[in-house]
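Listed here are the chains, written in short residue letters.
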Amino acid sequence: MTASLRNASHESRHPLRAVPASRPVPPPRPRAALARPEGLLQVHTAPFRGSFGGVFSQALRTAGLGSRVLISQFLKGGVDQGPGRSLSLCGRLQWLRPAVASCLTEPADREQVSVRAAVEEVWAFSRDQLMEAAVDLMVLDELGLAIELGYLPGGEVISTLEQRPAHLDVILTGPAMPLELLGMADQVTQLRRGGAPC
């Protein structure tokens, strides 16, 4: 009985207000299409080979959250991969290296046609994935160094990156980065040893 009196007194203090019958109810507004966020071109560079580790963990986390990721390492060999035998992690991360016997540290030798072709094959696959927007995040490791050492044509790489789909995130890593790529970047992160001030 006490509870019903409380409810009654509560209702009398806060009566429901009726909506006048003459006020028309507006039709529901159509939901606006969700705009895709604009992708970033990021550069992670260092005077030493060490900018890839943090980016790799970011790529793995991104794939674990459901995004499609491609990691292309242009100068890391020794595992004889190539596009046909690339690794797959989390079901959404493809990790690609050239089908060469060892890591590439010297300038491209015109006589080693198969080595150069293996690096170009990784680039061709990456370029196609980029232009088709087949992934959400693309990591291109040592791309700048591959250009500097003569394995890839700089003009074509830059032109391709300029034409990338607007929503696609691209991260470039490595110790060497052409000024044109640095100028295109939305964000540049430079790792340093020793903590010297800029």
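Before reading on, note that the structure itself is shown above.
About the cut-offs
Residues numbered from 1 in each chain as written. Predicted model: local features only at pLDDT ≥ 70, side-chain atom pairs only at ≥ 80, totals over all residues. Heavy atoms only, no water. Helix = DSSP H or I, 4+ residues; strand = E, 2+ residues; numbered from the N terminus. Contact = heavy atoms within 4.5 Å. Core = buried A, V, L, I, M, F, W, Y, C linked by side-chain atoms within 4.5 Å. Buried < 20%, exposed > 50% of the residue type's maximum accessible area, 1.4 Å probe, protein only. Pairing = 2+ DSSP bridges. Axes fitted to C-alpha atoms, helices over the stretch in contact; angles between N-to-C directions.

**Student:** Can you walk me through the environment of Pro165 in this structure?
**Tutor:** Within the element layout of this structure, Pro165 appears in the loop between helix H5 (154-162) and strand E6 (169-174). If sequence neighbours within four positions are ignored, Pro165 has contacts with Leu130, Met131 and Ala133.

**Student:** Looking at this structure, I do not really get the nonpolar core. What am I missing?
**Tutor:** If you look at soluble globular proteins, the nonpolar side chains tend to sit buried side by side. Among the nonpolar cores identified, the biggest contains 35 residues, and Phe74, Leu140, Leu143, Leu152, Leu161 and Leu172 are the most heavily contacted of them. Counting residues per element, this core draws most heavily on helix H3 (residues 113-131), which supplies six residues. In contact with Leu152, not counting residues within four places along its chain, are Phe74, Val119, Glu120, Trp123, Leu143, Ala146, Ile147 and Val157. The next biggest cluster of nonpolar side chains, apart from the first, holds 12 residues, and it includes Ala59, Leu137, Val139 and Ile171.

**Student:** Is there a simple way to think about the sheet that holds strand E2 (residues 69-73) in this case?
**Tutor:** In sheet architecture, strand pairing relies on hydrogen bonds along the backbone and comes in two forms, parallel and antiparallel. Read from one edge to the other, the open sheet built from seven strands follows the order E3-E4-E2-E5-E6-E1-E7, with strand pairing classed as mixed. Only two strands of the sheet have a single partner each, and these edge strands are strand E3 (87-89) and strand E7 (187-190). Going from strand to strand, the sheet's axes swing by 15 degrees on average, the running direction of each strand aside. Relative to E6, strand E1 (residues 41-45) is paired through five bridges, and the arrangement is parallel. Residue pairing in the sheet places His44 in a bridge with Thr173 of E6.

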